[in-house]
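# Report on the structure
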Amino acid sequence: MRDLSTLPDLNLALVQTTLAWHDRQANLEHFEQLLEQARGADLIILPEMFTTGFSMDSATLAEAENGPTSKWLRCQAKKLDAVITGSVIIQAADGSHRNRLLWARPDGEVWHYDKRHLFRMAGEHDHFTPGERQVQFELKGWRIRPLICYDLRFPVWSRDAQDTDLLLYTANWPGARRLHWNRLLPARAIENLCYVAAVNRVGTDGKGFAYTGDSQVLDFQGETLLSAGEADGVFQVCLSTTELAAYRARFPANLDADSFRFT
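The sections below set out a description of the structure shown in this document. For clarity, every value in this text was computed on a predicted model and none was experimentally measured.

### Quick word on the side chain of Asp-163
Here Asp-163 lies in the loop between helix H5 (155-158) and strand E9 (166-170). Here the side chain of Asp-163 touches Arg-248 through a polar contact of 3.3 Å, side chain to side chain.

Okay, here's the thing in structure tokens:
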């Protein structure tokens, strides 16, 4: 296991709020106001499909890979000197529609992760193409692996094989399954010996589904460091590398993990 002693702590800002249905401009204006409250964070996390709400109208709502939201994210990341991330409906270069997490850096680069597990109960698998690979991003030396909403239910896909320090989930997780969200997130932290940050939305979407938030940050033992409840706003927390390294040293369960590979 690598040495974490030289890494700085990491400041997170979670943006939990309502989303305007199918109205990109309204959402971008709303988030631009909220982002002012996130100054000082290294990483700012927005919900899944933060420009549209969780919609299956991919043919109408999809943006190009270098579309207006990507440009907006680059601008905001530079202005705030922070990475900003959240998922958007994207039409990829091959013509497929993706539920794509964009990772916008202050230097203007934008990386991405495509949602692997598409929520068939809403027909997402009929309107989007699933991602094919895990990705890991680095920020200030921290290894961060992004996942999107329904991915949370699949422990093999969430399982750490890359010494991840922070698992990041961005979601539109409905209140009807609130219990599942609040039980699965600590499990992912415990089994992967890492921090977990999860951002959900609040309010009601255009189809009448209610969202109860519960954006949260958990430590490597599944203990709550931050819980937003049902509030609308920006919530900040600092993650300690010292505490993470100390826990992994005294409880190295990862050394006995089963090996596996994706085919």
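Moving on from the model shown.
### Details of the packing of aromatic side chains
Here the structure, examined in full by the defined rule, presents 11 aromatic pairs. Aromatic side chains Trp-111 and Phe-137 sit 5.6 Å apart centroid to centroid with 40° between the ring planes, which places their arrangement in the tilted category. Of this pair, Trp-111 sits in strand E6 (residues 110-114) while Phe-137 sits in strand E7 (residues 137-139), and the two are 26 residues apart along the sequence. Since its relative accessible area comes to 27%, Trp-111 is described here as partly exposed. On the basis of an interplanar angle of 65° and a centroid distance of 5.3 Å, the ring pair of Tyr-195 and Phe-220 is categorised as edge-to-face.

### Topic: the pairing of strand E14 (residues 224-227)
Strand direction decides the pairing type here: strand E13 (residues 216-218) and E14, joined by three bridges, are antiparallel. Paired with Leu-218 across the strands is Thr-224, a residue of E14. As consecutive antiparallel partners, E13 and E14 are separated by five residues, and within that stretch Gly-222 has a phi angle of approximately 80°, a positive value.

### Observations concerning the pattern of salt bridges
Under the criterion given, the structure shown has 19 salt bridges. Between Lys-115 and Glu-48 there is a salt bridge, with the nearest N and O atoms lying 3.0 Å from each other. In this pair, Lys-115 is assigned in the loop between E6 and helix H4 (124-127) and Glu-48 in the loop between strand E2 (43-45) and helix H2 (58-61), connecting sequence segments 67 residues apart. Across this residue pair, the class does not change: Lys-115 and Glu-48 are buried.

### Here we look at helix H3 (residues 68-80)
If you check H3, its first and last C-alpha atoms are 18 Å apart, about what 13 residues at 1.5 Å a residue would give, namely 18 Å. Every buried residue of H3 is listed here: Thr-69, Ser-70, Trp-72, Leu-73, Gln-76, Ala-77 and Leu-80. Along H3, the residues classed as buried sweep out an arc of 160° about the axis, all on the same side. Close packing links the buried residues of H3 with helix H1 (24-35), E2, strand E3 (63-64), strand E4 (83-91), strand E5 (97-104) and E6. Backbone geometry just after H3 places Asp-81 at a positive phi near 50°.

### Some details on the nonpolar core
Membership of the largest hydrophobic core comes to 47 residues, with the highest contact counts inside it found for Leu-12, Leu-43, Trp-103, Ile-144, Leu-166 and Leu-239. A total of five residues in this core trace back to one element, the largest contributor, which is strand E10 (residues 195-199). Sequence-distant contacts of Leu-43, that is, excluding residues within four places in its chain, are made with Asn-11, Leu-12, Ala-13, Val-83, Thr-85, Trp-103, Leu-139, Ile-144, Leu-166 and Leu-168. Val-15, Ala-38, Phe-50 and Leu-102 belong to the second largest nonpolar core, which has 23 residues in total.

### A short note on the sheet that holds E13
Pairing in this open sheet of six strands is mixed, and the strands run E7-E8-E9-E10-E13-E14 from one edge to the other. Here the strands that pair on one side only, and so sit at the sheet edges, are E7 and E14. Direction aside, the axes of adjacent strands within the sheet are offset by 20° on average. Where E10 lies against E13, three bridges are found, and the strand directions are antiparallel. Bridge pairing in E13 links Ala-198 to Gln-216.

### Quick notes on the environment of Asp-219
Along the chain, the position of Asp-219 falls in the loop between E13 and E14. In sequence terms Asp-219 and Asn-66 are 153 residues apart; their C-alpha atoms lie 35 Å from each other. Other than its neighbours up to four places away in sequence, Asp-219 contacts Ala-189, Cys-194, Tyr-195 and Leu-225.

### Observations regarding unusual backbone geometry
Its identity is not glycine, yet His-22 carries a phi of approximately 60°, on the positive side. If you trace the backbone, His-22 turns up in the loop between strand E1 (10-16) and H1. We classify His-22 as partly exposed; its relative accessible area is 32%. Of note in this structure, Asp-214 is not a glycine but carries a positive phi near 65°. You can see Asp-214 is positioned in the loop between strand E12 (210-212) and E13. Owing to a relative accessible area of 7%, Asp-214 belongs among the buried residues under this scheme.

Conventions used here
- Residues numbered from 1 in each chain as written.
- Predicted model: local features only at pLDDT ≥ 70, side-chain atom pairs only at ≥ 80, totals over all residues.
- Heavy atoms only, no water.
- Helix = DSSP H or I, 4+ residues; strand = E, 2+ residues; numbered from the N terminus.
- Polar contact = N/O pair within 3.5 Å; in protein donor to acceptor, adjacent residues only side chain to side chain.
- Phe/Tyr/Trp six-rings, centres within 6.5 Å; stacked < 30°, edge-to-face > 60°.
- Buried < 20%, exposed > 50% of the residue type's maximum accessible area, 1.4 Å probe, protein only.
- Pairing = 2+ DSSP bridges.
- Salt bridge = Lys/Arg side-chain N within 4 Å of Asp/Glu carboxyl O.
- Expected span 1.5 Å × (residues − 1).
- Arc of directions from axis to C-beta.
- Contact = heavy atoms within 4.5 Å.
- Core = buried A, V, L, I, M, F, W, Y, C linked by side-chain atoms within 4.5 Å.
- Axes fitted to C-alpha atoms, helices over the stretch in contact; angles between N-to-C directions.

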